[in-house]
Amino acid sequence: MKQILEEIIGYQQLVVNLKKQNMPVDVLKSFPEFSSPTRSLKQAVANSEKGIIAEFKRRSPSKETINLKADVMEIAQRYEQMGAAGMSVLTNQRYFGGSLEDLQLAKSVCKLPLLRKDFMVDTYQMYEAKAYGADAILLIANALPSEKLEELAILAHDLGLEVLFEIHEADEIEKLAPKHIDLIGVNNRNLRTFDVGIQQGLDMLPHLPSDLLKISESGIQDMETIEKLIQQGFNGVLVGEFFMKQQLSESNTSK
Ligand SMILES: O=C(O)c1ccccc1NCC(=O)[C@H](O)[C@H](O)COP(=O)(O)O
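Computed from a predicted structure; not experimentally measured. (Residues numbered from 1 in each chain as written. Predicted model: local features only at pLDDT ≥ 70, side-chain atom pairs only at ≥ 80, totals over all residues. Heavy atoms only, no water.)

**Student:** It is not clear to me how the packing of helix 1 (residues 4-22) against helix 7 (residues 124-131) should be interpreted in this structure. Could you clarify?
**Tutor:** Two measures define how a pair of helices packs: the angle their axes make with one another and the distance between the axes. Close contact between helix 1 and helix 7 brings their axes to 10 Å; oriented N to C, the two are set at 70°. With respect to each other, helix 1 and helix 7 are oriented roughly perpendicular. Crossing angle aside, the handedness with which helix 1 passes helix 7 is left-handed. Contacts between helix 1 and helix 7 pair Gln12, Val16, Lys19 and Lys20 from the former with Tyr124, Gln125 and Glu128 from the latter. By residue class, the composition of the contact of helix 1 with helix 7 is 2 nonpolar, 2 polar and 3 charged. (Axes fitted to C-alpha atoms, helices over the stretch in contact; angles between N-to-C directions. Helix = DSSP H or I, 4+ residues; strand = E, 2+ residues; numbered from the N terminus. Parallel < 35°, antiparallel > 145°, perpendicular 65-115°, else oblique. Left-handed = near helix turned anticlockwise from the far one by under 90°. Contact = heavy atoms within 4.5 Å. Nonpolar A, V, L, I, M, F, W, Y, C, P; charged D, E, K, R; others polar.)

**Student:** Explain the site of the ligand here, please?
**Tutor:** Surveying the vicinity of the ligand reveals 20 residues, the closest of which are Glu55, Ser62, Lys117, Arg189 and Ser218. Separating an oxygen atom of the ligand from a side-chain N or O atom of Ser62 is a distance of 2.5 Å. Within the backbone of Gly219, an N or O atom sits 2.9 Å from an oxygen atom of the ligand. Among the detected pockets, the ligand sits in the largest cavity. Considered class by class, the residues forming the shell around the ligand number 8 nonpolar, 6 polar and 6 charged. (Near = heavy atom within 4 Å. Polar contact = N/O pair within 3.5 Å; in protein donor to acceptor, adjacent residues only side chain to side chain. 1 Å grid on protein atoms, 1.4 Å probe; cavity = no way out; pocket = protein on both sides within 12 Å on 5 of 7 lines; lining within 4 Å. Sits in = over half its atoms within 2 Å of the grid points.)

**Student:** Mind showing me how you'd approach empty space enclosed by the protein here?
**Tutor:** The method is simple in principle: a probe with the dimensions of a water molecule rolls over the atoms, and the space it marks as empty is what remains. For the structure shown, the criterion picks out 1 cavity of 30 Å³ or more. The volume enclosed by the largest cavity comes to roughly 360 Å³. Along its surface, the largest cavity is lined by 30 residues, and Lys57, Phe96, Lys117, Arg189 and Leu191 are the ones closest to its centre. Sorting the residues of the lining of the largest cavity by element identifies helix 1, strand 4 (136-140), strand 8 (236-239) and helix 11 (241-253) as the ones contributing at least two each. Residues of the lining of the largest cavity, tallied by class, amount to 15 nonpolar, 7 polar and 8 charged. (Points joined across faces, edges and corners; volume = space filled by probe spheres on them.)

**Student:** Before we go on, may I ask you to explain unusual backbone geometry in this structure?
**Tutor:** Outside of glycine, negative phi angles account for most residues, and trans bonds account for most peptide bonds. If you check the backbone angles, Phe194 has positive phi at about 70° while not being a glycine. One can find Phe194 in the loop between strand 6 (183-187) and helix 9 (199-204). Residue Phe194 is classed as partly exposed on the basis of its relative accessible area, which comes to 30%. (Buried < 20%, exposed > 50% of the residue type's maximum accessible area, 1.4 Å probe, protein only.)

**Student:** Sorry, what's going on with the nonpolar core here?
**Tutor:** Soluble globular proteins tend to bury their nonpolar side chains together. Membership of the largest hydrophobic core comes to 88 residues, with the highest contact counts inside it found for Tyr79, Met87, Ile137, Leu139, Phe165, Ile167 and Leu208. With sequence-adjacent residues up to four places away left out, Ile137 is seen in contact with Leu115, Arg116, Met120, Met126, Ala129, Ala156, Leu161, Glu162, Val163 and Leu164. (Core = buried A, V, L, I, M, F, W, Y, C linked by side-chain atoms within 4.5 Å.)

**Student:** Quick question: what am I supposed to make of the UniProt feature "domain: Indole-3-glycerol phosphate synthase" (unreviewed entry) in the chain here?
**Tutor:** Those residues carrying the UniProt feature "domain: Indole-3-glycerol phosphate synthase" (unreviewed entry) are residues 5-249 in this numbering. Across residues 5-249, the secondary structure splits into 40% helix and 16% strand, with the terminal C-alpha atoms separated by 31 Å. (UniProt positions renumbered as here; feature names shortened; annotations may be inferred.)

Laid out in C-alpha coordinates, this is it:
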(Lines give C-alpha, C1' and ligand atoms only; values in the text may rest on other atoms or scores of the structure.)
Protein backbone atom coordinates (compact mmCIF):
# COMPACT_ATOMS: atom_id res chain seq x y z
CA MET A 1 0.00 0.00 0.00
CA LYS A 2 1.26 3.46 -0.86
CA GLN A 3 2.16 5.53 2.21
CA ILE A 4 -0.08 8.54 2.83
CA LEU A 5 2.75 11.09 2.54
CA GLU A 6 3.79 9.81 -0.90
CA GLU A 7 0.14 9.74 -1.95
CA ILE A 8 -0.39 13.37 -0.86
CA ILE A 9 2.82 14.59 -2.51
CA GLY A 10 1.95 12.86 -5.81
CA TYR A 11 -1.57 14.27 -5.78
CA GLN A 12 -0.27 17.72 -4.88
CA GLN A 13 2.04 17.84 -7.90
CA LEU A 14 -0.87 16.97 -10.21
CA VAL A 15 -3.01 19.73 -8.71
CA VAL A 16 -0.19 22.26 -9.00
CA ASN A 17 0.35 21.40 -12.67
CA LEU A 18 -3.34 22.08 -13.39
CA LYS A 19 -3.36 25.28 -11.38
CA LYS A 20 -0.34 26.64 -13.24
CA GLN A 21 -2.40 26.53 -16.42
CA ASN A 22 -5.55 28.04 -14.91
CA MET A 23 -3.85 30.79 -12.96
CA PRO A 24 -0.34 31.62 -14.16
CA VAL A 25 2.19 33.18 -11.77
CA ASP A 26 1.74 36.60 -13.44
CA VAL A 27 -1.91 36.58 -12.39
CA LEU A 28 -0.97 35.66 -8.80
CA LYS A 29 1.48 38.57 -8.81
CA SER A 30 -1.39 40.95 -9.50
CA PHE A 31 -3.27 39.99 -6.31
CA PRO A 32 -3.30 42.88 -3.78
CA GLU A 33 -1.82 40.68 -1.02
CA PHE A 34 1.15 39.86 -3.22
CA SER A 35 2.61 43.32 -2.64
CA SER A 36 1.62 43.70 1.00
CA PRO A 37 4.22 43.53 3.79
CA THR A 38 4.72 40.27 5.69
CA ARG A 39 3.86 39.91 9.38
CA SER A 40 6.67 38.03 11.07
CA LEU A 41 5.64 34.73 12.65
CA LYS A 42 9.16 34.39 14.01
CA GLN A 43 8.98 37.70 15.87
CA ALA A 44 5.46 37.02 17.11
CA VAL A 45 6.56 33.67 18.58
CA ALA A 46 9.74 35.17 20.06
CA ASN A 47 7.77 37.98 21.72
CA SER A 48 5.09 35.73 23.11
CA GLU A 49 5.22 33.79 26.39
CA LYS A 50 3.89 30.50 25.03
CA GLY A 51 4.35 31.04 21.28
CA ILE A 52 1.06 29.40 20.40
CA ILE A 53 0.42 28.84 16.70
CA ALA A 54 -3.25 27.89 16.60
CA GLU A 55 -4.28 25.81 13.63
CA PHE A 56 -7.42 25.85 11.50
CA LYS A 57 -8.14 22.28 10.40
CA ARG A 58 -11.54 20.76 9.58
CA ARG A 59 -10.38 17.17 9.18
CA SER A 60 -7.21 15.20 8.54
CA PRO A 61 -6.05 11.83 7.24
CA SER A 62 -5.73 10.58 10.83
CA LYS A 63 -9.07 12.07 12.03
CA GLU A 64 -11.90 12.10 9.49
CA THR A 65 -13.97 14.55 11.48
CA ILE A 66 -12.62 17.36 13.63
CA ASN A 67 -14.81 20.39 12.99
CA LEU A 68 -16.22 20.03 9.49
CA LYS A 69 -18.41 23.11 9.39
CA ALA A 70 -15.90 25.45 11.03
CA ASP A 71 -16.05 29.07 9.91
CA VAL A 72 -12.51 30.34 9.35
CA MET A 73 -13.30 34.00 10.00
CA GLU A 74 -14.99 33.28 13.32
CA ILE A 75 -12.14 31.06 14.44
CA ALA A 76 -9.39 33.46 13.29
CA GLN A 77 -10.97 36.18 15.44
CA ARG A 78 -11.26 33.83 18.43
CA TYR A 79 -7.64 32.73 18.08
CA GLU A 80 -6.56 36.37 18.04
CA GLN A 81 -8.66 37.17 21.13
CA MET A 82 -7.25 34.20 23.03
CA GLY A 83 -3.72 35.57 22.51
CA ALA A 84 -2.28 33.21 19.88
CA ALA A 85 1.05 34.34 18.43
CA GLY A 86 0.08 33.13 14.97
CA MET A 87 -2.39 31.03 13.02
CA SER A 88 -1.77 28.02 10.83
CA VAL A 89 -4.28 27.42 8.04
CA LEU A 90 -4.45 24.02 6.34
CA THR A 91 -5.07 24.90 2.69
CA ASN A 92 -5.25 21.35 1.36
CA GLN A 93 -8.77 20.53 0.23
CA ARG A 94 -8.71 16.81 -0.44
CA TYR A 95 -7.08 15.61 2.78
CA PHE A 96 -7.87 18.44 5.23
CA GLY A 97 -11.01 20.15 3.87
CA GLY A 98 -9.20 23.49 3.62
CA SER A 99 -8.55 26.00 0.85
CA LEU A 100 -6.55 29.05 -0.14
CA GLU A 101 -9.76 31.04 0.32
CA ASP A 102 -9.63 30.09 4.02
CA LEU A 103 -6.24 31.79 4.18
CA GLN A 104 -7.59 34.88 2.42
CA LEU A 105 -10.60 35.07 4.76
CA ALA A 106 -8.45 34.65 7.87
CA LYS A 107 -6.23 37.48 6.66
CA SER A 108 -9.24 39.73 6.15
CA VAL A 109 -10.36 39.54 9.80
CA CYS A 110 -7.26 39.20 11.96
CA LYS A 111 -3.78 40.62 12.38
CA LEU A 112 -2.07 37.35 13.27
CA PRO A 113 0.84 36.19 11.12
CA LEU A 114 -0.47 33.33 9.00
CA LEU A 115 1.25 30.06 8.17
CA ARG A 116 0.13 28.31 5.00
CA LYS A 117 0.18 24.69 6.21
CA ASP A 118 0.28 22.50 3.15
CA PHE A 119 2.50 20.09 1.28
CA MET A 120 4.79 22.39 -0.66
CA VAL A 121 6.35 20.66 -3.66
CA ASP A 122 6.67 23.36 -6.31
CA THR A 123 7.83 26.99 -6.63
CA TYR A 124 4.34 27.87 -7.90
CA GLN A 125 2.94 27.31 -4.40
CA MET A 126 5.23 30.01 -2.96
CA TYR A 127 3.65 32.60 -5.27
CA GLU A 128 0.23 31.24 -4.40
CA ALA A 129 0.92 31.45 -0.66
CA LYS A 130 2.00 35.08 -0.92
CA ALA A 131 -0.92 36.03 -3.18
CA TYR A 132 -3.49 34.55 -0.77
CA GLY A 133 -2.07 36.26 2.31
CA ALA A 134 0.39 33.84 3.92
CA ASP A 135 3.27 35.23 5.97
CA ALA A 136 5.06 31.91 6.32
CA ILE A 137 5.13 28.53 4.62
CA LEU A 138 5.84 25.00 5.79
CA LEU A 139 8.58 22.81 4.35
CA ILE A 140 8.52 19.15 5.40
CA ALA A 141 11.99 17.58 5.48
CA ASN A 142 10.68 14.10 4.81
CA ALA A 143 8.71 15.14 1.74
CA LEU A 144 11.43 16.45 -0.58
CA PRO A 145 15.13 16.12 -1.47
CA SER A 146 17.51 18.74 -0.01
CA GLU A 147 17.97 20.58 -3.33
CA LYS A 148 14.22 21.09 -3.69
CA LEU A 149 13.85 22.21 -0.07
CA GLU A 150 16.58 24.77 -0.63
CA GLU A 151 15.07 26.03 -3.89
CA LEU A 152 11.66 26.53 -2.24
CA ALA A 153 13.15 28.17 0.88
CA ILE A 154 15.19 30.64 -1.19
CA LEU A 155 12.16 31.64 -3.25
CA ALA A 156 9.98 31.93 -0.12
CA HIS A 157 12.49 34.36 1.39
CA ASP A 158 12.75 36.32 -1.87
CA LEU A 159 8.97 36.79 -1.72
CA GLY A 160 9.13 37.88 1.92
CA LEU A 161 7.71 34.64 3.33
CA GLU A 162 9.20 32.98 6.42
CA VAL A 163 10.01 29.26 6.51
CA LEU A 164 8.90 26.78 9.16
CA PHE A 165 11.05 23.71 8.54
CA GLU A 166 9.41 20.56 9.88
CA ILE A 167 11.33 17.48 10.93
CA HIS A 168 10.39 14.28 12.71
CA GLU A 169 13.79 12.60 13.16
CA ALA A 170 17.05 14.23 14.29
CA ASP A 171 19.00 13.38 11.09
CA GLU A 172 16.50 15.37 8.97
CA ILE A 173 17.98 18.62 10.35
CA GLU A 174 20.85 18.20 7.88
CA LYS A 175 18.51 18.52 4.89
CA LEU A 176 18.28 22.33 4.99
CA ALA A 177 20.93 24.84 6.10
CA PRO A 178 19.93 27.03 9.10
CA LYS A 179 20.28 30.22 7.01
CA HIS A 180 17.15 29.13 5.07
CA ILE A 181 15.10 28.45 8.22
CA ASP A 182 13.14 30.89 10.38
CA LEU A 183 11.53 28.39 12.73
CA ILE A 184 12.19 24.70 13.21
CA GLY A 185 9.26 22.44 14.04
CA VAL A 186 9.39 18.92 15.41
CA ASN A 187 6.29 17.08 14.31
CA ASN A 188 5.32 14.71 17.12
CA ARG A 189 3.22 12.80 14.58
CA ASN A 190 4.88 10.26 12.33
CA LEU A 191 3.28 11.15 8.99
CA ARG A 192 3.64 7.57 7.77
CA THR A 193 2.17 5.66 10.70
CA PHE A 194 0.20 8.49 12.43
CA ASP A 195 1.74 7.50 15.79
CA VAL A 196 1.85 10.63 17.90
CA GLY A 197 3.49 11.51 21.24
CA ILE A 198 5.13 14.67 22.59
CA GLN A 199 8.13 12.70 23.83
CA GLN A 200 9.33 12.62 20.20
CA GLY A 201 9.97 16.38 20.28
CA LEU A 202 11.31 16.41 23.82
CA ASP A 203 13.90 13.76 22.94
CA MET A 204 15.02 15.83 19.97
CA LEU A 205 15.39 19.16 21.82
CA PRO A 206 19.13 18.72 22.59
CA HIS A 207 19.82 18.05 18.89
CA LEU A 208 18.11 21.20 17.57
CA PRO A 209 20.22 24.25 16.60
CA SER A 210 20.30 26.57 19.63
CA ASP A 211 19.87 29.76 17.57
CA LEU A 212 16.59 28.70 15.89
CA LEU A 213 13.12 29.10 17.39
CA LYS A 214 11.80 25.64 18.21
CA ILE A 215 8.18 24.62 17.79
CA SER A 216 6.57 21.43 19.05
CA GLU A 217 3.86 20.33 16.61
CA SER A 218 0.93 17.90 16.83
CA GLY A 219 -0.71 15.72 19.45
CA ILE A 220 -1.02 18.46 22.09
CA GLN A 221 -4.35 17.98 23.85
CA ASP A 222 -4.28 20.29 26.91
CA MET A 223 -2.82 23.50 28.32
CA GLU A 224 -0.64 21.63 30.84
CA THR A 225 1.24 19.98 27.99
CA ILE A 226 1.81 23.38 26.37
CA GLU A 227 3.28 24.69 29.68
CA LYS A 228 5.48 21.60 29.96
CA LEU A 229 6.85 21.91 26.42
CA ILE A 230 7.69 25.60 26.92
CA GLN A 231 9.33 24.91 30.29
CA GLN A 232 11.44 22.18 28.71
CA GLY A 233 12.82 24.53 26.06
CA PHE A 234 10.44 24.90 23.12
CA ASN A 235 9.71 28.50 22.08
CA GLY A 236 6.28 27.65 20.78
CA VAL A 237 3.70 25.01 19.96
CA LEU A 238 1.50 24.27 16.98
CA VAL A 239 -1.92 23.00 18.02
CA GLY A 240 -4.72 21.90 15.71
CA GLU A 241 -7.30 19.36 16.82
CA PHE A 242 -7.43 20.39 20.50
CA PHE A 243 -8.30 24.03 19.68
CA MET A 244 -10.63 23.11 16.79
CA LYS A 245 -12.63 20.80 19.08
CA GLN A 246 -12.82 23.57 21.71
CA GLN A 247 -14.22 25.92 19.05
CA LEU A 248 -16.79 23.28 18.16
CA SER A 249 -18.14 23.15 21.71
CA GLU A 250 -18.04 26.98 21.99
CA SER A 251 -20.10 27.45 18.82
CA ASN A 252 -22.60 24.83 20.04
CA THR A 253 -23.09 26.59 23.39
CA SER A 254 -23.44 30.03 21.76
CA LYS A 255 -26.34 28.83 19.55
O1 LIG B 1 -2.99 15.46 11.06
C2 LIG B 1 -2.83 14.47 10.32
O3 LIG B 1 -3.52 13.44 10.39
C4 LIG B 1 -1.79 14.48 9.25
C5 LIG B 1 -1.62 13.37 8.45
C6 LIG B 1 -0.67 13.37 7.43
C7 LIG B 1 0.08 14.49 7.21
C8 LIG B 1 -0.08 15.62 8.00
C9 LIG B 1 -1.01 15.63 9.02
N10 LIG B 1 -1.22 16.75 9.80
C11 LIG B 1 -0.63 18.02 9.59
C12 LIG B 1 -0.09 18.58 10.82
O13 LIG B 1 1.08 18.76 10.88
C14 LIG B 1 -1.01 18.85 11.99
O15 LIG B 1 -2.21 19.33 11.50
C16 LIG B 1 -0.50 19.86 13.00
O17 LIG B 1 0.78 19.61 13.43
C18 LIG B 1 -1.46 19.92 14.23
O19 LIG B 1 -1.63 18.64 14.78
P20 LIG B 1 -2.75 18.35 15.88
O21 LIG B 1 -2.58 19.37 16.97
O22 LIG B 1 -2.49 16.98 16.36
O23 LIG B 1 -4.07 18.50 15.22
